[in-house]
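Structure assessment
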Amino acid sequence: MFATMTDALLLAAAVLLLTSQGQSYKCDVREKQCDIWLVIEHGLTMMKEKSLTVVQDGLLFAYNEPNRTIENTVSPDTVVTADGWLEPRLITTVNGTIPGPLIEVHEGQVVRIHLRNALLAETTSLHFHGQLQRDTPYADGVAFVSQCPVLPGQTFVHQFKANPVGTFWYHSHSGGQTGMGMYGGFIVHPRREAAPTAAHDKEFTLLFQDWNHDWDTTVGYLKMMTGMYVHGQKDPQYGGLSGVKYSAFRIQSVLINGRGRYRVNETAPDNGAPLSTFTVTQGGVYRFRLIHAGSVYPFQVSVDGHRLKVIAADGMKLKDPVMADSVILTPGERYDFELVANQSVKNYWIRATTLEVRTQHVGRAILNYEGGEPADQDPVTDGRQCTEHEPCVVVNCPFLHFADQDSHQCYNVEQLRAAEKMPHHVGRGAHNVKEYFLNFAFPGTTFTPASVNGVQMELPHVSALAQPLEFNTRCPGEGYRCADDEVCRCTAVLDLQKDEVAQLVLTNLGVGQGWDHPVHMHGHSFWVLKVGYPNYDNHTGNFVSDNLDVDCRGNPDRSLSFCNNATWSNASWSGNGVDGLELDHPVLKDTVNVPTGGYVVIRIQADNPGVWPVHCHVSLHLEDGMFLLLNESYPHHRQPPPGFRQCGDFIF
């Protein structure tokens with residue numbers, strides 16, 4: 001029940017729909033303000049209220065049902081099945097579901113998210129990934145940065161204008177709650193007085209997650225930190241294509257919109273658990289919005305029998321769409337593609353495959369042509385066979401190229417072009433570009449923290465944005481790096497002056513490289529001007545040696561340098577003088593993968609006052625401290641809203 005009649009009237013601006021894919025909030029385009037209620041609480045997989053369910057012959061039944069016939073099945077829409085593992089697993093739900101409700105709003109609408117923490121003993125927070133929060137930095141949703149954490153039983157109202165248009169998502173920014181299921185899609189549509197003829201017959205939003213059905217994320221994090229022991233044995237190194245390492249994160253399956261299947265081993269059949277289904281009509285044109293909501297592994301997404309017209313990256317339209325056979329997403333990234341339903345009327349597999357080399361995990365969903373096979377019937381289709389003469393095109397490879405025998409052709413992120421031209425005063429006409437090098441790595445000897453420029457992030461004990469005078473954990477000196485070849489623990493802060501053009505060189509070099517890092521920036525979409533890849537073996541595609549464009553300084557032996565104080569190897573490079581920058585239509589993103597042994601050059605204008613996190617979106621790296629803050633235009637920070645809560649240490 002709503003607390004007041006006013007609450008009930010406000011809710012009318014956001015219609016809650018129940019579909020076969022879960023809950024969906026749709027805000028009326030005519031409304032200036034849209035109110036949405038989200039409740040965060042614990043739950044268990046495979047439970048329907050107080051009854052355990054079980055998968056048998058591809059159907060869901062009550063565990064104690066003696067007569068398991070089609071008439072006695074349990075609807076998968078009433079159970080969080082995840083990958084169908086019988087033993088219930090602890091989850092963190094939004095309005096009782098995984099993923100949480102899809103939220104659809106319109107550009108410029110005032111969105112009010114009423115977040116209630118109904119967890120038993122955990123604090124929480126909610127970040128709207130990719131939303132710029134101009135003039136509303138206190139709604140960014142990062143505990144101990146933009147706000148205090150939301151305590152159990154408390155409610156926090158996020159109020160902000162939806163901007164920009166595109167595919168975004170929301171997720172917890174407290175501990176490992178995102179990996180427990182606390183996430184959902186957040187779509188911003190263009191706002192028009194009268195809707196034009198639809199360019200797409202329908203839209204679908206797909207959220208991907210790497211899933212462990214044995215452990216919650218805290219157990220997974222501690223096992224990663226102390227040694228991945230399973231049944232008394234230590235798991236071997238986790239690795240991927242190009243020779244990259246993955247932090248030890250053991251998974252059994254991949255979920256698409258909260259559903260997947262597991263198999264005991266590579267040769268065993270899967271367990272037949274329910275899958276997500278997307279129904280199309282032959283001849284129609286459909287928009288698919290892909291969101292990587294997972295913890296560690298990149299996913300290569302494809303649709304059997306269909307080509308993908310990639311039209312947007314991280315919500316931003318592309319100038320020249322790319323025809324591809326698949327697209328790769330790293331954690332936090334989003335890509336949109338158009339699909340023309342021009343194949344025979346039957347079912348086709350949608351696949352999300354990890355880039356692991358030891359054991360690939362494949363998530364599946366079903367593309368169902370209306371009027372053909374039953375929507376939940378498993379397809380019998382295969383993916384396209386790639387050949388040397390007709391290679392498969394892959395958008396957003398996190399490396400330069402595949403091995404020769406894979407017959408895949410990479411279309412890398414720096415080759416994409418944004419629909420809008422880069423502003424002259426930030427691009428070719430930029431003067432006095434300020435340049436900062438940020439190294440994302442695991443440096444050290446016996447102490448190897450996840451860090452930026454050697455700093456393992458210590459979160460403030462207060463809200464850094466709301467209580468700046470009480471913020472006393474900031475790193476000394478420049479504030480965003482340790483001394484050469486040292487590691488330290490403090491709050492890394494990079495100060496940016498109002499309206500300065502800041503060029504950030506995101507590096508992944510020195511003794512602490514070896515892992516890729518998808519880096520996300522709050523408060524901005526940034527221009528990707530260049531990617532400097534390492535050297536790869538031309539035949540195998542595997543990493544050979546670091547890119548030498550960057551001088552790590554510090555230890556003369558480059559392989560031992562912590563790369564805390566890097567610069568360009570060529571002293572003439574800086575600002576617009578860096579060789580190979582794209583300054584006309586560089587792609588706009590808010591999350592970009594920094595390849596091990598390489599670097600990415602991005603640029604922003606500091607025109608959004610606030611305190612904005614920049615961090616790796618691999619959850620294990622973030623939790624371990626790969627995180628710094630942009631303190632942007634400090635004298636122009638807005639005062640907190642009236643009654644905004646403060647927090648801090650409780651000391652007598």
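Residues numbered from 1 in each chain as written. Predicted model: local features only at pLDDT ≥ 70, side-chain atom pairs only at ≥ 80, totals over all residues. Heavy atoms only, no water.

Bringing the packing of aromatic side chains into the picture now. How two aromatic rings sit relative to each other is given by the distance of their centres and the angle of their planes. Taken as a whole and assessed by the stated rule, the structure comprises 22 aromatic pairs. Ring geometry for Phe204 versus Phe278: centroids 5.5 Å apart, planes at 75°, classification edge-to-face. With Phe204 in strand β14 (residues 202-211) and Phe278 in strand β18 (residues 277-280), this pair connects stretches of sequence that are 74 residues apart. Here Phe204 matches Phe278 in class, with each residue buried. Put simply, the rings of Phe204, Phe278, Tyr286, Phe288 and Phe337 pair up and form one aromatic cluster. The ring centre of Trp211 lies 4.1 Å from the NZ or CZ of Arg89, which sits over that ring. (Phe/Tyr/Trp six-rings, centres within 6.5 Å; stacked < 30°, edge-to-face > 60°. Helix = DSSP H or I, 4+ residues; strand = E, 2+ residues; numbered from the N terminus. Buried < 20%, exposed > 50% of the residue type's maximum accessible area, 1.4 Å probe, protein only. Lys NZ or Arg CZ within 6 Å of the ring centre and 35° of its normal.)

Moving on, we get to the environment of Leu496. Inspection of the secondary structure assignment puts Leu496 in strand β33 (residues 493-496). Residue Leu496 is classed as buried on the basis of its relative accessible area, which comes to 2%. C-alpha of Leu496 to C-alpha of Pro609: the two residues are 113 residues apart in sequence and 9.3 Å apart in space. Excluding its chain neighbours within four sequence positions, the residues that come into contact with Leu496 are Tyr436, Ala502, Ile604, Ala606, Leu630, Asn631, Glu632 and Ser633. (Contact = heavy atoms within 4.5 Å.)

Glancing now at the sheet that holds strand β26 (residues 362-369). Strand pairs in the sheet, formed through backbone hydrogen bonds, run parallel or antiparallel to each other. Judged by pairing direction, the sheet is mixed, and its seven strands sit side by side in the order β18-β26-β25-β20-β23-β27-β28 without closing on themselves. Across the chains shown, the open sheet's two edge strands, defined by having one partner strand only, are β18 and β28 (408-411). This sheet shows a mean twist of 25° between the axes of neighbouring strands, independent of strand direction. In this sheet, strand β25 (residues 347-354) lies alongside strand β20 (residues 299-303) in antiparallel orientation, the contact comprising five bridges. (Pairing = 2+ DSSP bridges. Axes fitted to C-alpha atoms, helices over the stretch in contact; angles between N-to-C directions.)

Here we take up the state of the cysteines. In the structure shown here, the tally under the stated rule is seven disulfides. A sulfur-sulfur distance of 1.7 Å marks the disulfide that ties Cys27 to Cys34. Taking the torsion about the sulfur-sulfur bond, which here is approximately -65°, the covalent link between Cys27 and Cys34 counts as left-handed. A relative accessible area of 4% means that Cys27 is categorised as buried. For Cys386, the disulfide goes to Cys392, at an S-S distance of 1.9 Å. In this structure the cystine formed by Cys386 and Cys392 twists about its S-S bond by roughly -95°; its chirality is therefore left-handed. Taking the relative accessible area as the measure of exposure, Cys392 reaches 3% and is therefore buried. Distance from the sulfur of Cys616, which forms no disulfide, to the nearest cysteine sulfur (Cys563) is 16 Å. (Disulfide = S-S within 2.5 Å.)

In this section: unusual backbone geometry. Looking along the chain, the bond that leaves Ile98 and enters Pro99 is cis, with omega of -10°. Among the secondary structure elements, Pro99 is positioned in the loop between β7 (90-94) and β8 (102-106). Put simply, Asn163 and Pro164 share a cis peptide bond, and its omega is 5°. Mapped onto the secondary structure, Pro164 falls in the loop between β11 (155-161) and β12 (166-172). The backbone phi angle of Asn432 is positive, close to 55°, even though this residue is not glycine. Secondary-structure assignment places Asn432 in the loop between β28 and β29 (434-441). Judged by its relative accessible area of 60%, Asn432 falls in the exposed class. Backbone geometry at Arg553 places phi at a positive 55°, although glycine is not the residue there. You can see Arg553 is positioned in the loop between β39 (550-551) and β40 (567-568).

Regions with low pLDDT carry predicted coordinates that are not meant to be interpreted in detail. Looking at the chain, pLDDT values average 93 and 96% of them are 70 or higher. The model gives residues 1-12 a pLDDT under 50, and that stretch makes 10 contacts with residues more than four places away or in other chains. (pLDDT = per-residue confidence, 0-100.)

Let's shift gears to the environment of Asp404. Tracing the sequence through the fold places Asp404 in the loop between β27 (392-395) and β28. Using a relative accessible area of 45% as the deciding quantity, one classes Asp404 as partly exposed. Considered as a pair, Asp404 and Tyr436 are 32 residues apart in the sequence and their alpha carbons are 36 Å apart.

Before going further, it helps to examine the pattern of salt bridges. Enumeration according to the criterion identifies 31 salt bridges in this entry. For the salt bridge of Asp495 with Arg474, the shortest nitrogen-to-oxygen distance reads 2.5 Å. With Asp495 in strand β33 and Arg474 in the loop between β31 (455-457) and β32 (488-490), the pair connects residues that are 21 residues apart, well separated along the chain. Its relative accessible area of 31% is what places Arg474 among the partly exposed residues. Each of Asp314, Glu333, Arg334, Lys589 and Asp590 takes part in a single network of salt bridges with overlapping partners. (Salt bridge = Lys/Arg side-chain N within 4 Å of Asp/Glu carboxyl O.)

What follows deals with empty space enclosed by the protein. Taken as a whole, this structure holds three cavities of 30 Å³ or more when the rule is applied. Considering only enclosed or pocket space, the largest cavity measures out at about 110 Å³ in volume. For the largest cavity, the lining is made up of 15 residues, of which Tyr246, Val296, Pro298, Asp516 and Val618 are closest to its centre. Here the lining of the largest cavity is built from residues that sort into nine nonpolar, four polar and two charged. Roughly 70 Å³ of internal volume is contained in the second largest cavity. Around the second largest cavity sit Thr330, Glu333, Asn396, Cys397, Pro398, Val413, Val531, Tyr533, Val592, Asn593 and Pro595, which together line it. Of the residues in the lining of the second largest cavity, the class split is seven nonpolar, three polar and one charged. (1 Å grid on protein atoms, 1.4 Å probe; cavity = no way out; pocket = protein on both sides within 12 Å on 5 of 7 lines; lining within 4 Å. Points joined across faces, edges and corners; volume = space filled by probe spheres on them. Nonpolar A, V, L, I, M, F, W, Y, C, P; charged D, E, K, R; others polar.)

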